[in-house]
Amino acid sequence: MKARSKRNPVQPANDAFLNFTASIHFDARLWKYDIAGSIAHVHGLAAAGVVTANEQKLMIGGLKAIAEEIKEGKVAFDPKLEDIHMNIESLLRSKIGGAGAKLHTGRSRNDQVALDMRLYVREALSDVVTDAVGLQEVLLKKAKGSTTVILPGLTHMQHAQPIILSHHLLAHFWRLQRDIARIVDCYHRTNISPLGSGALAGTSFKIDRNLVADRLGMDGITENSMDAVSDRDFVAEAAFTLALLQIHLSSLSEELVLWSSKEFGYIELPKQLASGSSMMPQKLNPDIPELVRGKSGRAVGDLVAILTLLKSLPLAYNRDLQEDKESLFDVIDTAGASLHALKTFLAEVEFDEVRMRKSAEAGLTTATDLADLLTTRGVPFRDAHAIVKGLAIEADGDDQRFLALANDLISKKLKRGESPETDYLSIDKAVERRNIDGGTSRSAVMKQIGQAESALQATKESLFEMEKDVSVIDAL
Ligand code: ARG
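### Looking at the overall build of the protein
Tallying secondary structure elements over the protein gives 18 helices and 6 strands in all. Here the C-alpha atoms of the protein give a radius of gyration of 30 Å, more than 25% beyond the 23 Å that 2.2 N^0.38 yields for 476 residues. For the C-alpha atoms alone, the extent of the protein along its principal axes is close to 100 × 55 × 40 Å. Each of the 476 residues in the protein was classed as buried or not, and the buried ones make up 51%. In the form shown here, the protein has an accessible surface area of approximately 22500 Å², with 54% of it arising from carbon and sulfur atoms.

If you want it as structure tokens, here you go:
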């Protein structure tokens, strides 16, 4: 039974060897995909005349029964059988006897594990997209409700220019949208069947690979058997798309942490989603965004582990590849849990509009508008910049003083017959002036909200397609 006991097939491997080499304690989660792959493979074997119709029925019935038993928690996997593949094959043999011994015809664990991983990754990516859409929907809902809220936009963490809160929230929406696009792209490269590649060179049995792939809801078959069993670029790519997503979540989380501080005071922490301190009775802490931020470290670590694993591997399969799983599973679990927690948290967050507005009015955030105005009156922008900088230095951080100096200057630049506009440098006007596609004016943001809705709709259509493929596994 044990594939490694080549030298002496009757002598079981020693425990230390097995402890080191077995993967069942982490690859057990592949059981569903392993069984689905085996069912599809049996259909391929039957179509090729390698197993009879009766054997086909027995084998598929047996595999389905095993799936039920695992689902019901009735199966204890045997670590002596190394991995999920050997465990399920062994369970089948105990269940149906002779016909079970034909399951591995024309197949190696090398193409088998590559298939299982592809099926697992595809489903995980589809699930992450669902969770990412959930967070996007919360961002969009909050954005729709905050088109009249103005806060200071920052660069270098310094007050820069006023923006509307919707615009800020939608910036996070679009980051997620690109993450989703990358994930969907990765999904399609992943959803390709390696089955039929055998150990490395293909198989002598005339299995219709496309038929098998089709049964699994896969888009096609790999072109080269050596490549198919040896690369895990789909694993690395999935890990990258998720690590970058996690980085985006971390950036959003960082803002939520900052905004919940006394210094910012932009948001109120949802009490039921924050913890207190064991010592300081007055405290409430933003645990969820802090943990999402903290978990980005492990996501990046997982990606680096996978890339490093693949470095310098010669063709074709190498046992090193077994090490792809824990990192991949971790980055997937981390992304899913983080999206979920952040969505729940953000949905409950309340923004302090008064505080944001007050903050936006401080720090000379409309100084650029004054320079722009001078520019429209014929002053070259670089000179206008220098003039306004002079006023800013003179105001010495006093907003009222700056506005007074600015209004003086504006009235000097009035054209004949033009009446002075006292609120020219108000944050509301500054926001409205940025009426350009992708800008922060209310109408530009309304357009953006429409674009975000279309993007969500398009994602839901891709999700529908992905879920259709993925559901094939449970239906087998
Ligand atoms: N547990 C192995 C893995 O995860 C399965 C493939 C083993 N193949 C082999 N030739 N030993 O990669």
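Having seen the model, we can carry on.
### Some thoughts on the packing of helix α7 (residues 165–190) against helix α18 (residues 442–475)
Across the interface, α7 lies against α18 with an axial gap of 11 Å and an inter-helix angle of 25°. Of the possible angle classes, the one that applies to α7 and α18 is roughly parallel. The handedness of the crossing between α7 and α18 comes out as left-handed. Residues Ser166, His167, Leu170, Phe173, Trp174, Gln177, Ile180, Val184 and Tyr187 of α7 form the contact with α18, whose participating residues are Val445, Gln448, Ile449, Gln451, Ala452, Ala455, Leu456, Thr459, Ser462, Met466, Asp469 and Val470. Residues of the contact of α7 with α18, tallied by class, amount to 13 nonpolar, 7 polar and 1 charged.

### Comments concerning the site of the ligand
In the vicinity of the ligand, the contacting residues are Ser23, Asp83, His85, Arg109, Asn110, Val113, Tyr317, Gln322 and Lys325. Within the side chain of aspartate 83, a nitrogen or oxygen atom sits 3.1 Å from a nitrogen atom of the ligand. Within the side chain of tyrosine 317, an N or O atom sits 2.5 Å from an oxygen atom of the ligand. Contact with the protein chains removes 87% of the 340 Å² of surface that the ligand exposes when unbound. Considering every element that reaches the shell around the ligand, the biggest residue donor is helix α6 (residues 109–144), with 3 residues. Along the lines of polarity and charge, the residues of the shell around the ligand split into 2 nonpolar, 4 polar and 3 charged.

### Quick word on the packing of aromatic side chains
Under the definition given, this model contains 6 aromatic pairs. With 6.4 Å between their ring centres and 75° between their planes, tryptophan 259 and phenylalanine 351 make a pair best called edge-to-face. A residue pair is termed long-range when its members are at least 10 positions apart, and tryptophan 259 in helix α10 (residues 233–259) and phenylalanine 351 in strand β6 (residues 350–351) qualify at 92 residues. Through a chain of ring-to-ring contacts, three or more aromatic side chains come together here, namely Trp259, Phe264, Tyr266 and Phe351.

### Considerations on the pairing of strand β2 (residues 158–164)
Here strand β1 (residues 150–155) pairs with β2 via 6 bridges, running antiparallel. Residue pairing in the sheet places proline 152 in a bridge with proline 162 of β2. Connecting β1 to the next strand, β2, in antiparallel fashion are 2 residues, including histidine 156 with a positive phi near 55°.

### Remarks on the nonpolar core
Residues Ile35, Leu135, Leu216, Leu242, Trp259 and Leu328 are the most contacted members of the largest nonpolar core, which totals 111 residues. Here this core takes 17 residues from α6, the largest share from any one element. Leave out the neighbours within four places in its chain, and leucine 216 touches Ala36, Gly37, Ala40, Leu115, Leu119, Arg122, Asp469, Val472, Ile473 and Leu476. With 18 residues, the next largest nonpolar core counts Leu364, Ala367, Ala406 and Leu409 among its residues.

### Brief notes about a nonpolar patch on the surface
A surface patch of nonpolar side chains, about 270 Å² in accessible area, is lined by Leu200, Met226 and Leu315. Structurally, methionine 226 can be placed in helix α9 (residues 225–230). Judged by its relative accessible area of 33%, methionine 226 falls in the partly exposed class.

### Re the side chain of lysine 142
Assignment of secondary structure puts lysine 142 in helix α6. Although lysine 142 is buried, it forms no salt bridge, and the closest oppositely charged side chain is glutamate 350 at an N-O distance of 5.9 Å. Once you skip the residues sitting within four places of it in the chain, lysine 142 turns out to touch Leu169, Leu346, Ala347, Val349 and Phe351.

### With respect to the pattern of salt bridges
Counted by the stated rule, this structure contains 32 salt bridges. The partner of aspartate 83 in a salt bridge is arginine 109, and the shortest N-O contact between them spans 2.7 Å. Here aspartate 83 is found in the loop between α4 (53–71) and α5 (84–96), whereas its partner arginine 109 is found in helix α6, with 26 residues between them in sequence. We classify aspartate 83 as buried; its relative accessible area is 5%. Here aspartate 324 ties to arginine 232 by a salt bridge, and the two come within 3.1 Å at their closest N and O atoms. In this pair, aspartate 324 is assigned in helix α12 (residues 324–348) and arginine 232 in the loop between α9 and α10, connecting sequence segments 92 residues apart.

### Concerning the environment of leucine 284
Tracing the backbone through its elements, the reader meets leucine 284 in the loop between β5 (267–268) and α11 (287–310). Overall, the relative accessible area of 33% leaves leucine 284 in the partly exposed class. Apart from the residues within four sequence positions on either side, leucine 284 is in contact with Leu269, Lys271, Ala274 and Ser275.

What counts, and at which threshold
- Residues numbered from 1 in each chain as written.
- Predicted model: local features only at pLDDT ≥ 70, side-chain atom pairs only at ≥ 80, totals over all residues.
- Heavy atoms only, no water.
- Helix = DSSP H or I, 4+ residues; strand = E, 2+ residues; numbered from the N terminus.
- Rg over C-alpha atoms; globule rule 2.2 N^0.38 Å.
- Buried < 20%, exposed > 50% of the residue type's maximum accessible area, 1.4 Å probe, protein only.
- Areas by Shrake-Rupley, 256 points an atom, 1.4 Å probe, with all protein chains shown as cover.
- Axes fitted to C-alpha atoms, helices over the stretch in contact; angles between N-to-C directions.
- Parallel < 35°, antiparallel > 145°, perpendicular 65-115°, else oblique.
- Left-handed = near helix turned anticlockwise from the far one by under 90°.
- Contact = heavy atoms within 4.5 Å.
- Nonpolar A, V, L, I, M, F, W, Y, C, P; charged D, E, K, R; others polar.
- Near = heavy atom within 4 Å.
- Polar contact = N/O pair within 3.5 Å; in protein donor to acceptor, adjacent residues only side chain to side chain.
- Phe/Tyr/Trp six-rings, centres within 6.5 Å; stacked < 30°, edge-to-face > 60°.
- Pairing = 2+ DSSP bridges.
- Core = buried A, V, L, I, M, F, W, Y, C linked by side-chain atoms within 4.5 Å.
- Patch = residues over 30% accessible without salt bridge, like charges linked within 9 Å, V, L, I, M, F, W, Y side chains within 5 Å.
- Salt bridge = Lys/Arg side-chain N within 4 Å of Asp/Glu carboxyl O.
- Lys, Arg positive; Asp, Glu negative; His and termini not counted.

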